[in-house]
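The chain contents come next:
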Amino acid sequence: QLTLDIKEGEIFGLIGPNGAGKTTVFNIIFGLVNPFDGDIRLDGKSIKGLKAYEVNQMGVARTFQIVKPFESMTVLENVMVGVLVREKDVSKAKQIALGKLKIVGLDQRAGDLSGSLTLAARKKLEMARALGTNPRVLMLDEVMGGLNPSEVDEMIEVVRNINKEGVTIILIEHIMRAVIALTERLAVLQNG
């Protein structure tokens, strides 16, 4: 059994060893896995049993551990895919996408093919694409995994920038200095 109460506007950490169930929690919240029992509430409304796209429409977005951008598309086009979920006007979607790229520090790479990006830049792109859906809650699944120390420092700033935009963040992370730098509260999962 797991009970979490995450406050609006906070950066909340979810930590624990590999296999403890952290990503499963994200999958349950995001509607990719149905829980056996209990409830998942957003602003007092149950989102349990909703499909992933419906959870996203309610204002929740997420990243995945393994980033898979559309490699033959530009960085900007990748983010526009997320924006076009809500904004149907392509020129407006382009401007919104550029704004999301600025938040994560990729606006200068907007015209580059996403297949040319480093791992750190791909992770930033994944975050920008999720932000494109205009979430109120963003779940970040090990966005710092595989990054070197200076890239981790950059990513900490990116997460802070996202949070400053008013987005509540739930962070799964193994890099403890990042968890300590970003979170005020956290939960530890052990053996599910």
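For the structure itself, consult the block above.
Description of the structure in this document. This structure is a prediction, so every number in the text was calculated from the model and none was measured. Throughout this document, residue positions are counted from 1 along each chain, in the order its sequence is written. Residue-level local features of this predicted model are given only where pLDDT is at least 70; pairs of side-chain atoms are given and counted only at 80 or more, and the full residue set underlies all totals for whole chains, interfaces and linings. Each side-chain value is derived from all of the structure's non-hydrogen atoms; neither hydrogens nor water enter the calculation.

**Some points on the packing of helix α3 (residues 75-83) against helix α4 (residues 90-104)**
Put simply, the test is: Note on method: axes are straight lines fitted to C-alpha atoms, helices fitted across the in-contact stretch only, with angles between N-to-C directions ranging 0 to 180 degrees. Only runs of H or I of at least four residues qualify as helices and only runs of E of at least two qualify as strands under DSSP, and these elements are numbered from the N terminus. Angular relationships are summarised with four words: roughly parallel below 35 degrees, roughly antiparallel beyond 145, roughly perpendicular across 65 to 115, and oblique for the angles in between. Handedness of a helix crossing follows the sense of rotation of the near helix relative to the far helix, less than a right angle counterclockwise being left-handed and clockwise being right-handed. Whether two residues touch is decided by their heavy atoms; if any such pair falls within 4.5 Å, the residues are in contact. For this scheme, ten residues count as nonpolar: Ala, Val, Leu, Ile, Met, Phe, Trp, Tyr, Cys and Pro. Four count as charged, namely Asp, Glu, Lys and Arg, and the remainder, Gly too, count as polar.
The N-to-C vectors of α3 and α4 enclose an angle of 110 degrees; their axes lie 8 Å apart at closest approach. Put simply, α3 runs roughly perpendicular to α4. α3 and α4 meet at a crossing whose hand is right-handed. Where α3 approaches α4, its residues V75, L76, V79, M80 and V83 are matched on the opposing element by V90, A93, K94, I96, A97, L98, K100 and L101. Per-class residue counts for the contact of α3 with α4 are eleven nonpolar, no polar and two charged.

**Topic: helix α5 (residues 119-131)**
Stated formally: An expected span of 1.5 Å times one less than the residue number is assigned to each helix. Burial classes: relative accessible area under 20% of the type maximum marks a residue as buried, over 50% as exposed, and values in between as partly exposed (1.4 Å probe, protein chains only).
In this model, α5 (13 residues) spans 18 Å end to end at C-alpha, consistent with the 18 Å of a helix rising 1.5 Å per residue. Among the 13 residues of α5, twelve are classified as buried, and the element is accordingly described as predominantly covered. Contacts made by the buried residues of α5 are with β4 (60-62), α3, α4, β5 (137-141) and α6 (149-164).

**Here we look at the sheet that holds strand β7 (residues 185-188)**
For sheets, the rule is that strands pair by backbone hydrogen bonds, running either parallel or antiparallel. This is how it is decided: If DSSP finds at least two bridges between two strands, the strands pair.
Strand order in this open sheet of five strands is β4-β5-β6-β1-β7, and the pairing throughout is parallel. Edge positions in the sheet fall to β4 and β7, since each of these pairs with one other strand and no more. Averaged over all neighbouring strand pairs, the angle between strand axes comes to 20 degrees, with direction disregarded. As paired strands, β5 and strand β6 (residues 168-172) are joined by five bridges and run parallel to one another. Along β6, the bridge assignment pairs D141 with I172. Against the sheet, helix α1 (residues 22-29) engages β1 (11-15), β4, β5 and β6, with an angle of about 150 degrees to β5. Most of the contacts of α6 go to β6, to which it runs at about 150 degrees, and overall it touches β1, β5 and β6.

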